[in-house]
Amino acid sequence: MKSHERASHPGLQPMDDTMLTRESWKIFQIMGEFVEGFERLARIKPSVSIFGSARIPPGHPTYALAEDIARQLSDAGFAVVSGGGPGIMEAANKGAFAGKSPSIGLNIQLPHEQTANPYQDVSLDFRHFFSRKVMFVKYASAYVVLPGGFGTLDELAEILTLVQTNKTRRIPIILVGSSFWRGLLEWFETTLVTEGTISEEDLDLYTLVDDAKSVVDAIFNFYEFGGLEPTSEERERLMDL
């Protein structure tokens, strides 16, 4: 009786051709986002991806800090990549736009919050978070993560997972704002390590700082004995993100 009920489940019935056709053609839209991203971003290296809340307004101390970080990175020779929207994303693009290196915005189409800021030398538009995420990681020499909400936490968890699992190369992951991040990092230590869901060595994947100079210094210290460009083995890993 149960096998008969299971056989009649809607998920086991033939696909509606109309829906299948629409889903299949969606693949080409996704391919287009990847192709345009690869073509437009392949020459921006070295670059740093900067993340933070879309809700932090101009005039806020964290906005000013993000702008300062991006300006110093831009003048140091790093293209700056942000999500292209308001808040910390705008501050990052604004700082880079005033510096010597390109300012990149990876914009996402959302029902609310996301409108492109005007400080972008290269502006790309994405419908899909997953293709946008690949672009953040693929060409990044470092991740800088300022205070933010779920989207910021998502990007932080993404890069920590990719580095931890060796799906991408090891890069500096820099958290900015000890008063904001301390509670989360203490939870990593007291709960995740204690419960055995991460290793104690995983706590070394990130660095916590509070000012712009420390961000720049952390990146240059990381690469002191190696090049910014990925090795041939690391390039192969980046092909499989």
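Starting from 1, residues in each chain are numbered consecutively following that chain's sequence as written. Per-residue local features are limited, in this predicted model, to residues with pLDDT of at least 70; the limit for side-chain atom pairs, both in listing and counting, is 80 or more; totals at the level of whole chains, interfaces and linings are taken over all residues. Side-chain metrics rest on all non-hydrogen atoms present in the structure, leaving aside hydrogens and water.

(A) Layout of the layout of surface pockets. Here the second largest pocket defines a volume of roughly 240 Å³. Lining residues are defined by having an atom within 4 Å of a point belonging to a cavity or pocket. Those points lie on a 1 Å grid over the protein atoms alone, cavities being sets where a 1.4 Å probe fits but cannot get out and pockets being open sets with protein on both sides within 12 Å along at least five of seven lines. What lines the second largest pocket is a set of 15 residues, and nearest its centre among them are Leu-160, Gln-164, Phe-188, Leu-192 and Ile-198. Ranked by residue count, the leading element in the lining of the second largest pocket is helix H6 (residues 150–164), at six residues. Here the nonpolar group is Ala, Val, Leu, Ile, Met, Phe, Trp, Tyr, Cys and Pro; Asp, Glu, Lys and Arg are the charged ones; every other residue, Gly included, is treated as polar. Per-class residue counts for the lining of the second largest pocket are 11 nonpolar, three polar and one charged. Grid points are joined across faces, edges and corners, and a volume is the space filled by probe spheres set on the points. Counting from the N terminus, the helices are DSSP H or I runs at least four residues long and the strands are E runs at least two residues long.

(B) Expanded view of the nonpolar core. The set of buried Ala, Val, Leu, Ile, Met, Phe, Trp, Tyr and Cys residues whose side-chain atoms join them within 4.5 Å is what this entry labels a nonpolar core. Exposed residues in this analysis have more than 50% of their type's maximum accessible area, buried residues have under 20%, and partly exposed residues fall in between, with area computed by a 1.4 Å probe over protein chains only. In this structure, Ile-50, Ile-69, Leu-73, Leu-106, Val-144 and Ile-219 are the most contacted members of the largest nonpolar core, which totals 62 residues. The contact criterion used is simple: two residues touch if any of their non-hydrogen atoms lie within 4.5 Å. Discounting residues that sit within four places of it in the chain, Val-144 has contacts with Val-48, Ser-49, Ile-50, Phe-51, Ile-69, Ile-174, Val-176 and Val-215.

(C) Examining a negative patch on the surface more closely. A patch consists of residues whose relative accessible area exceeds 30% and which take part in no salt bridge; residues with like charges are grouped when within 9 Å of each other, and nonpolar side chains (Val, Leu, Ile, Met, Phe, Trp, Tyr) when within 5 Å. Where accessible areas are quoted, they stem from the Shrake-Rupley method and a 1.4 Å probe; at the residue level, only the protein chains shown are allowed to cover. In what follows, salt bridge is the name for a side-chain nitrogen of Lys or Arg lying within 4 Å of a carboxyl oxygen of Asp or Glu. Charge counting follows a simple rule: Lys and Arg are positive, Asp and Glu are negative, and His as well as the terminal groups are ignored. Throughout, a charge is located at the NZ atom of Lys, the CZ atom of Arg, the CG atom of Asp or the CD atom of Glu. Negative charge collects at one region of the surface, where Glu-186, Glu-189, Glu-200, Glu-201 and Asp-204 lie side by side. Structurally, Asp-204 is set in the loop between helix H7 (178–195) and strand S7 (207–209).

(D) Representation of the pairing of strand S6 (residues 173–176) within the structure. Of the two faces of S6, the one holding Ile-173 and Leu-175 and the one holding Ile-174 and Val-176 are both buried throughout. When the strands point away from the viewer and the connection leading from the first strand across the helix to the second strand turns clockwise, the crossover is called right-handed. One crossover worth recording links strand S5 (residues 140–145) to the parallel S6 by way of H6, and it is right-handed. Where S6 and S7 come together, three bridges link them in parallel fashion. Within S7, the residue paired with Leu-175 across the bridge is Leu-208. Assessed by its sense of winding, the connection that carries the chain from S6 through H7 to S7 is right-handed. DSSP calls a pair of strands paired once it identifies at least 2 bridges connecting them.

(E) Just the packing of aromatic side chains, in detail. Pairing of aromatic rings covers Phe, Tyr and the six-membered ring of Trp, with a centre-to-centre limit of 6.5 Å; geometry is then stacked below 30 degrees between planes, edge-to-face above 60, and tilted otherwise. Within this structure, the stated rule accounts for 10 aromatic pairs. On the numbers, 4.7 Å between centres and 45 degrees between planes, the contact of Phe-51 with Tyr-143 is tilted. Taken together, the residues span a long stretch of sequence, with Phe-51 in strand S1 (residues 47–51) and Tyr-143 in strand S5 at a distance of 92 residues. Exposure class is identical for Phe-51 and Tyr-143. Each is buried.

(F) Just unusual backbone geometry, in detail. Cis rather than trans, the peptide bond between Lys-45 and Pro-46 has omega equal to -5 degrees. Along the chain, the position of Pro-46 falls in the loop between helix H2 (17–41) and S1. Phi is positive for Asn-166, which is not a glycine, with a value near 65 degrees.

(G) Expanded view of the side chain of Lys-138. Within the secondary structure layout, Lys-138 lies in helix H5 (residues 129–138). An unpaired buried charge is present at Lys-138: no salt bridge exists, and Asp-240, the closest side chain of opposite charge, is 8.5 Å distant. Any N or O atom pair separated by 3.5 Å or less is treated as a polar contact, with the protein-specific requirement of one donor-capable and one acceptor-capable atom, and with residues adjacent in sequence counted only for side-chain atom pairs. Within the structure, the side chain of Lys-138 is placed 3.2 Å from the backbone oxygen of Leu-238, a separation counted as a polar contact. Residues within four places of Lys-138 in sequence aside, it is in contact with Phe-38, Leu-238, Met-239 and Leu-241.

(H) Spatial organisation of H7. Taking 1.5 Å of rise per residue, the 18 residues of H7 would be expected to cover 26 Å, and the 24 Å separating its terminal C-alpha atoms lies within 8% of that figure. Bend at a residue means the angle formed by two fitted axes: the first through the 7 residues ending at that position, the second through the 7 residues beginning there. The largest bend along H7 reaches roughly 30 degrees and is located at Phe-188. Of the positions making up H7, those classed as buried are Ser-178, Trp-181, Leu-185, Phe-188 and Leu-192. Among the structural elements, S5, H6, S6 and S7 are those in contact with the buried residues of H7. Of the residues trailing H7, Gly-196 is marked for its positive phi of about 80 degrees. The span expected for a helix works out to 1.5 Å for each residue beyond the first.

(I) Examining the sheet that holds S5 more closely. Ordered in space as S4-S3-S2-S1-S5-S6-S7, the seven strands form an open sheet in which the pairing is parallel. The open sheet has two edge strands with one neighbour each: strand S4 (122–126) and S7. The sheet shows a mean angle of 25 degrees between the axes of neighbouring strands, direction not considered. Of the pairings in the sheet, the one linking strand S2 (residues 79–82) to strand S3 (residues 103–108) comprises three bridges and is parallel in character. Counterpart to Val-81 in the pairing with S3 is Ile-104. A fitted line through C-alpha atoms serves as each axis, taken over the contacting stretch for helices, and the angle formed by two N-to-C directions is quoted from 0 to 180°. The strands that helix H8 (residues 212–222) touches are S1, S5, S6 and S7; relative to S6, the one it contacts most, it runs at about 170 degrees.

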